[in-house]
Every structure is written in C-alpha cells, then in structure tokens.
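Breakdown of the fold
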Amino acid sequence: MKVKFVDHEQEVVKASDALPLPLYFTNAVFFTLFFSVVYFLLTSWREKIRTNTPLHVIDLSEIVAIIAFVASFIYLLGFFGIDFVQSLILQPSNDIWAADNDEEEIIIKEDARKVPCG
C-alpha cells in the first residue's frame, strides 16, 4: 500500500510577479518610472504655477504620467510592504489566545512526519 502526502501550501502571488522578468530588472524599471514621472509632473506643475494656468487643466502627457505614477506606486507599495499596509487597515484580533493557537499549529505541522513509518 502506497501512502501519498499532499502539500497544501498555496503559492503566494507577489508584487514582483507583475512582469515575467528578473526581479532586479523589474525593480529597476518601476523605480526609474516612478522617479521620472514624479520629476515630470513636478516640473510641469511648477511651469503651470509660473504661468498662472490652473492645475486641474491637464493635457494628455500629464494624464499618461499620472496613470504611470499610480501603476508604479502600486507596484512599489506591493513590493516593499503590502503586509505593513494591510496591518494598518485590518486590525489584529483582540483575542489574546489566537496567536498561541497559531504557534501551536505551526509547531505541530513542523514536527509531523514527512514520510510514513516503516
């Protein structure tokens, strides 16, 4: 009789999986995109302030820059700490014993045999 063990761990989707490229290259692209878009928006808004043009009047290049800024911000936020952001939004359980049960389950899972006896 053969015994088959199934691992129920699910693969977690990370922010670095956004593009099928190496991680260092993806990070370089989004860092460069983020800071170049911020620089572009700040210089264009500075020019608008100098010429007394309302800031809510935007052209196509600023619309594209704002979309790129939001996309790169979401990527960088997800890469550098979506857990931190979620911990601010989702409050931890007030049950003092909830953490102890999780630790016990982890210890039991680590101590379980991976192969059958015998």
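What counts and how
Residues numbered from 1 in each chain as written. Predicted model: local features only at pLDDT ≥ 70, side-chain atom pairs only at ≥ 80, totals over all residues. Heavy atoms only, no water. Helix = DSSP H or I, 4+ residues; strand = E, 2+ residues; numbered from the N terminus. Buried < 20%, exposed > 50% of the residue type's maximum accessible area, 1.4 Å probe, protein only. Areas by Shrake-Rupley, 256 points an atom, 1.4 Å probe, with all protein chains shown as cover. Polar contact = N/O pair within 3.5 Å; in protein donor to acceptor, adjacent residues only side chain to side chain. pLDDT = per-residue confidence, 0-100. Patch = residues over 30% accessible without salt bridge, like charges linked within 9 Å, V, L, I, M, F, W, Y side chains within 5 Å. Salt bridge = Lys/Arg side-chain N within 4 Å of Asp/Glu carboxyl O. Phe/Tyr/Trp six-rings, centres within 6.5 Å; stacked < 30°, edge-to-face > 60°. Expected span 1.5 Å × (residues − 1).

Another point: the overall build of the protein. Within the protein, the secondary structure is distributed over three helices and zero strands. Here the protein holds 118 residues, and 14% of them are scored as buried. Here the protein displays about 10,400 Å² of accessible surface, and carbon together with sulfur accounts for 66% of that area.

With respect to the secondary-structure elements, Asp 59 resides in the loop between helix H1 (23-50) and helix H2 (60-89). Within the local environment of Asp 59, its side chain forms a polar contact with the side chain of Ser 61, the two groups lying 3.3 Å apart.

This part is about the confidence of the model for the protein. Of the residues in the protein, 59% reach a pLDDT of 70 or more, and the chain-wide mean stands at 76. Mean pLDDT values over the elements of the protein span from 67, in helix H3 (residues 98-111), up to 91, in H1.

Moving on, we come to a nonpolar patch on the surface. Residues Ile 58, Leu 60, Ile 63, Val 64, Ile 66, Ile 67, Val 70, Phe 73, Ile 74 and Leu 77 make up a contiguous nonpolar surface patch of about 880 Å² in total accessible area. In this structure, Ile 58 sits in the loop between H1 and H2. When its relative accessible area of 38% is taken as the criterion, Ile 58 is described as partly exposed.

The next point concerns the packing of aromatic side chains. Aromatic ring pairs are defined here through the distance separating the ring centres and the angle between the ring planes. Counted by the stated rule, this structure contains five aromatic pairs. Ring geometry for Phe 34 and Phe 35: centres 5.1 Å apart, planes at 85 degrees, overall edge-to-face. Taking the relative accessible area as the measure of exposure, Phe 34 reaches 15% and is therefore buried. Pairing Phe 69 with Phe 73 gives two aromatic rings, centres 6.1 Å apart and planes at 20 degrees, and the pair type is stacked. Here Phe 69 and its partner Phe 73 are both found in helix H2, four residues apart, which amounts to about one turn of the helix. Among the aromatic residues, ring-to-ring pairing joins Phe 31, Phe 34, Phe 35, Phe 69 and Phe 73 into one connected group.

Even without glycine at this site, Asn 52 takes up a positive phi of about 60 degrees. Residue position: Asn 52 is located in the loop between H1 and H2. Residue class for Asn 52 comes out exposed when judged on its relative accessible area of 69%.

Right, let's talk about H1 for a bit. It helps to recall that an α-helix has 3.6 residues per turn; residues three or four apart then point in one direction. For H1, which comprises 28 residues, the first-to-last C-alpha distance of 41 Å matches the rise-based estimate of 40 Å (1.5 Å per residue) to within 8%. In the segment just after H1, Asn 52 is the residue with positive phi, at about 60 degrees.

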